[in-house]
Amino acid sequence: MEAELVSRDGHFVPGKPVETALRLKIKPHWHTYWRNPGDSGLPTKLDWQLPDGFRAGNIDWPYPKRLPLGPLMNFGYEGEVLHLVKIETPHAWPAGKKAEFRAKAEWLVCSDVCIPESAELSLTLPASSESPKRTQFETAFADANAALPAAGPGAKAEALSGKLRLAVETRANKPAILFYPYAEGLIANAVTQAVDLSGSGTVVTVALAEPPMELPKDIRGILVAEQGWPQFGGRRAIEVSASLSGSLPAANTGSGNAENLGLTAAILLGLAGGLLLNLMPCVFPVLGIKLMQFAN
């Protein structure tokens, strides 16, 4: 596993943002995670230490791929990935003076087992008034930027009968489309998603997670089309945001015995599912890490 801070340009122009990235080169048959890791895993994090006057933005995430693992479905990356970050620079920085960008990177890399890793990384760039010169990572930055989701069209969302229905006012070339929500625990990640290309729009129907979480007021995420979105220059990913209408149906109110039986069955199923997850070596360490984060 290789990790380093890289930049698109060999120097920066004071007052203009500089494009940087955490570059992870992942070993074959291993993977890291997207901002929503799916059923297990943790997203990659960056904690920056910058000179006065510099400010780092949030990570811009290229669209992920689905990573099946037994009954689970995770979202993440294989091979090489750039976690893009733009750093704002001060106007008053003297030409020729170097700036050191430091960051602590933390990520979880998984195969049959999961290994939490971290590194203290740094990148030093000089200031110049000339146009920035591209580095050896120009192609990697271009590919990563092309994999960022484009701002999507108008969208509508409704939740009915345990399903989320998301409609957008654009069409892809083929119905090979997947919805990746930003919120963890919103959908049943491993369940097949239904796609309807009707008229000039696209409707994606996905199963909500069981047991259902409290639904957010706004549904946000990305739609990834395998053959691209013609309206958006062939980009594979578009960002969607829609206010949620509709709600989950009320729970059945049968007899007291039926309620007790349903509760007992739910508890037993939950215990069985928990035992199954704990027996999977790739999931067990993730549970401990998340518990430590919660405690902190």
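Quantities reported herein were computed from a predicted structural model and do not represent experimental measurements.

Caption draft 1: Examining the side chain of Thr20 more closely. Mapped onto the elements of the fold, Thr20 is located in strand β2 (residues 18-25). Polar side-chain contacts of Thr20 include one of 2.9 Å to the backbone oxygen of Val85. Sequence-distant contacts of Thr20, that is, excluding residues within four places in its chain, are made with Val6, Ser7, Trp48, His83, Leu84, Val85, Ile87, Leu123 and Phe141.

Caption draft 2: Region of interest: the state of the cysteines. Scanning the entire structure with this criterion turns up one disulfide. Note on cysteine connectivity: Cys110 is disulfide-linked to Cys114, with sulfurs 2.0 Å apart. Of note, the bridge from Cys110 to Cys114 carries an S-S torsion of about 115° and is right-handed in sense. Since its relative accessible area comes to 1%, Cys110 is described here as buried. Taking the relative accessible area as the measure of exposure, Cys114 reaches 8% and is therefore buried.

Caption draft 3: A look at the environment of Ala242. Structurally, Ala242 is set in strand β18 (residues 235-245). On the basis of relative accessibility, which here comes to 3%, the residue Ala242 falls in the buried class. When residues no more than four places from it in sequence are discounted, the contact partners of Ala242 are Ala155, Lys156, Ala157, Leu166, Lys217, Asp218 and Ile219.

Caption draft 4: Here's a closer look at the nonpolar core. In this structure, Phe12, Trp34, Leu46, Trp48 and Phe101 are the most contacted members of the largest nonpolar core, which totals 35 residues. Contributions of two or more residues to this core are made by β2, β4 (45-49), β7 (72-77), β8 (80-88), β9 (98-110), β10 (114-126) and β17 (218-229). Considering every element that reaches this core, the biggest residue donor is β9, with six residues. Excluding anything up to four places from it in sequence, Leu46 contacts Leu22, Ile59, Val85, Ala103, Lys104 and Ala105. Core analysis: the second largest hydrophobic core is formed by 23 residues, Ala150, Phe179, Leu186 and Val240 among them.

Cut-offs and rules
- Residues numbered from 1 in each chain as written.
- Predicted model: local features only at pLDDT ≥ 70, side-chain atom pairs only at ≥ 80, totals over all residues.
- Heavy atoms only, no water.
- Helix = DSSP H or I, 4+ residues; strand = E, 2+ residues; numbered from the N terminus.
- Polar contact = N/O pair within 3.5 Å; in protein donor to acceptor, adjacent residues only side chain to side chain.
- Contact = heavy atoms within 4.5 Å.
- Disulfide = S-S within 2.5 Å.
- Buried < 20%, exposed > 50% of the residue type's maximum accessible area, 1.4 Å probe, protein only.
- Core = buried A, V, L, I, M, F, W, Y, C linked by side-chain atoms within 4.5 Å.

Such coordinate-based values are descriptive only and should not be taken to indicate function.
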